[in-house]
Amino acid sequence: MSESDRHALDVSFLLHAAELLEGDPQVDDLGPLYAAVGRVNARALEHDVYGSLNLKAAALLQTLARLPCLEHSNAAFAWHATEAYLMLHERHLDYPVKAAAELVRDAASGVRGAASIARQLRQWTAD
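1. Some thoughts on a negative patch on the surface
On the surface, Glu19, Asp24, Asp28, Asp29 and Glu71 cluster together into a patch of negative charge. Mapped onto the fold, Glu19 is located in helix α2 (residues 11-19).

Okay, here's the thing in structure tokens:
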């Protein structure tokens, strides 16, 4: 299995993550889910556009935070999906809840880009 395959993300994973949220919010727009999957799995010139797991997770968080797709709980969904994606790849986060909420807000507003988000996720990765 190649490095790219190991990190592959699909829409069904994101739909399942949404189902696990309190209140089981309905998907209002599938487009952002496909955009997030496309961004995380993007390749150019035979290389991953986001070359590390933290960068892929950051791209996922940023996309879902900036492009709401659920009837409610979009910020929680962005965080939950990102954390689940990292856990799928055996990366567990240890973070202050308020700081995580701030990170999602900063991602949604554009204050923090993918590289900055990835650095923060790396800092919260439990060894």
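Alright, that's what it looks like, and here's the rest.
2. Quick look at a nonpolar patch on the surface
The grouping of Val27, Leu30 and Tyr34 at the surface amounts to a nonpolar patch, some 280 Å² of accessible area in total. Note that Tyr34 resides in helix α3 (residues 31-40).

3. Section: the side chain of Asn54
One can find Asn54 in helix α4 (residues 53-66). Excluding residues that lie within four positions of it along the chain, Asn54 makes contacts with Leu86, Arg91, Ala118, Leu121, Arg122 and Thr125.

4. Let's talk about the environment of Asp94
Structurally, Asp94 can be placed in the loop between β3 (92-93) and α6 (97-109). Between the C-alpha atoms of Asp94 and Trp124, which are 30 residues apart in sequence, the distance is 5.2 Å. Ignoring any residue separated from it by four or fewer positions in sequence, one finds Asp94 in contact with Trp124 and Ala126.

5. As for the pattern of salt bridges
Charged atoms that come close allow side chains of opposite charge to pair. In the structure shown here, the tally under the stated rule is two salt bridges. Between Arg43 and Asp48 there is a salt bridge, and its shortest N-O distance comes to 2.6 Å. What makes Arg43 partly exposed here is its relative accessible area of 44%. In this structure, the salt-bridge partner of Asp48 is Lys56, at a minimum N-O distance of 3.2 Å. Taken as a pair, Asp48 and Lys56 share a single burial class, namely buried. In this structure, a network of salt bridges that share partners links the residues Arg43, Asp48 and Lys56.

6. Examining the nonpolar core
The nonpolar side chains of soluble globular proteins are, as a tendency, buried together. If you look at the biggest cluster of nonpolar residues, it comprises 37 residues, and the most contacted ones within it are Leu14, Leu60, Leu61, Leu64, Phe77, Trp79 and Leu121. Of all the secondary structure elements, the ones that give two or more residues to this core are α2, α3, α4, α5 (74-88), α6 and α7 (114-124). At eight residues, the largest contribution of residues to this core is made by α4. For Trp79, the contacting residues outside a window of four places in its chain are Leu61, Leu93, Tyr95, Ala100, Leu103, Val104, Leu121 and Trp124.

7. Thoughts on the side chain of Asp48
Within the element layout of this structure, Asp48 appears in strand β2 (residues 47-48). By relative accessible area, Asp48 is classed as buried at 18%. Within the local environment of Asp48, its side chain forms a polar contact with the side chain of Lys56, the two groups lying 3.2 Å apart.

8. Observations concerning the packing of α2 against α5
Two elements in contact, α2 and α5, have axes whose closest approach is 9 Å; the angle formed by their N-to-C orientations is 120°. Taken together, the axes of α2 and α5 lie oblique to each other. As for how α2 packs across α5, the hand of that crossing is right-handed. Facing α2, whose interface residues are Phe13, Leu14, Ala17 and Ala18, α5 presents Phe77, His80, Ala81, Ala84, Tyr85 and Leu88. Considering only residue class, the contact of α2 with α5 consists of nine nonpolar, one polar and no charged.

Rules of the game
- Residues numbered from 1 in each chain as written.
- Predicted model: local features only at pLDDT ≥ 70, side-chain atom pairs only at ≥ 80, totals over all residues.
- Heavy atoms only, no water.
- Patch = residues over 30% accessible without salt bridge, like charges linked within 9 Å, V, L, I, M, F, W, Y side chains within 5 Å.
- Areas by Shrake-Rupley, 256 points an atom, 1.4 Å probe, with all protein chains shown as cover.
- Salt bridge = Lys/Arg side-chain N within 4 Å of Asp/Glu carboxyl O.
- Lys, Arg positive; Asp, Glu negative; His and termini not counted.
- Charge placed at Lys NZ, Arg CZ, Asp CG, Glu CD.
- Helix = DSSP H or I, 4+ residues; strand = E, 2+ residues; numbered from the N terminus.
- Contact = heavy atoms within 4.5 Å.
- Buried < 20%, exposed > 50% of the residue type's maximum accessible area, 1.4 Å probe, protein only.
- Core = buried A, V, L, I, M, F, W, Y, C linked by side-chain atoms within 4.5 Å.
- Polar contact = N/O pair within 3.5 Å; in protein donor to acceptor, adjacent residues only side chain to side chain.
- Axes fitted to C-alpha atoms, helices over the stretch in contact; angles between N-to-C directions.
- Parallel < 35°, antiparallel > 145°, perpendicular 65-115°, else oblique.
- Left-handed = near helix turned anticlockwise from the far one by under 90°.
- Nonpolar A, V, L, I, M, F, W, Y, C, P; charged D, E, K, R; others polar.

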